[in-house]
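# Coordinate analysis (summary)
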Amino acid sequence: MSGDGVRAREFARARTREKLHRNAYSRTFLTAVDCTELLGAASWSDAEVDRLIDAVSFAGRPDEIAERMRNACAGSGADVVCCRLDAAPGDDLRTSLRLLDEALRGV
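Residues numbered from 1 in each chain as written. Predicted model: local features only at pLDDT ≥ 70, side-chain atom pairs only at ≥ 80, totals over all residues. Heavy atoms only, no water.

Looking at soluble globular proteins, one finds that nonpolar side chains tend to be buried together. Judged by nonpolar contacts, Ala12, Leu20, Tyr25, Leu30, Val33, Cys35, Leu38, Trp44, Val49, Leu52, Ile53 and Ala59 together constitute the single largest core of 12 residues. Residue assignment for this core shows that the elements contributing at least two residues are helix H1 (5-21) and helix H3 (46-56). Residue contributions to this core peak at 3 residues, all from H3. Those residues in contact with Val33 that lie beyond four places of it in its chain are Leu52, Ala55 and Val56. Residues Met1, Ile65, Ala66 and Leu100 belong to the second largest nonpolar core, which totals 6 residues. (Core = buried A, V, L, I, M, F, W, Y, C linked by side-chain atoms within 4.5 Å. Buried < 20%, exposed > 50% of the residue type's maximum accessible area, 1.4 Å probe, protein only. Helix = DSSP H or I, 4+ residues; strand = E, 2+ residues; numbered from the N terminus. Contact = heavy atoms within 4.5 Å.)

What follows is the structure in structure tokens.
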């Protein structure tokens, strides 16, 4: 998460590519999110990585993340979202958490 949505996506892409290189995502996991073509590739386009990011994470500005969380909860009937929060390099995690909390008020 970052106040700069572009930087947040770049950070998420870098982390996701690193995990793909390490084979951190199992075939079962990638099948569940319809991304099995990513298995075993030598490299991945931004579009391929973005599709995986959009399937399994919330990456962007606090208001963008809050909107995606709202939509995910509304579509599934869930009232709780459990997630790991990473601030993009150069951003303060506490500030990012406060901004996300403000964006989620009333949800």
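Right, let's talk about the environment of Val49 for a bit. Among the structural elements, Val49 can be located in helix H3. Beyond its immediate stretch of four places on either side in the chain, Val49 contacts Arg13, Thr16, Arg17, Leu20 and Trp44.

This prediction gives the protein chain a mean pLDDT of 84; 98% of its residues lie at or above 70. The secondary-structure element of the protein chain with the lowest mean pLDDT is helix H4 (residues 62-76), recorded at 79, while helix H2 (residues 27-32) shows the highest, at 91. (pLDDT = per-residue confidence, 0-100.)

Where H1 contacts H3, the axes come no closer than 10 Å and their chain directions differ by 95 degrees. Accordingly, the angle class assigned to the pair H1 and H3 is roughly perpendicular. Contacts from Arg9, Ala12, Arg13, Thr16, Arg17 and Leu20 in H1 reach Asp46, Val49, Asp50, Leu52, Ile53 and Asp54 in H3. For the contact of H1 with H3, the per-class residue count stands at 5 nonpolar, 1 polar and 6 charged. (Axes fitted to C-alpha atoms, helices over the stretch in contact; angles between N-to-C directions. Parallel < 35°, antiparallel > 145°, perpendicular 65-115°, else oblique. Nonpolar A, V, L, I, M, F, W, Y, C, P; charged D, E, K, R; others polar.)

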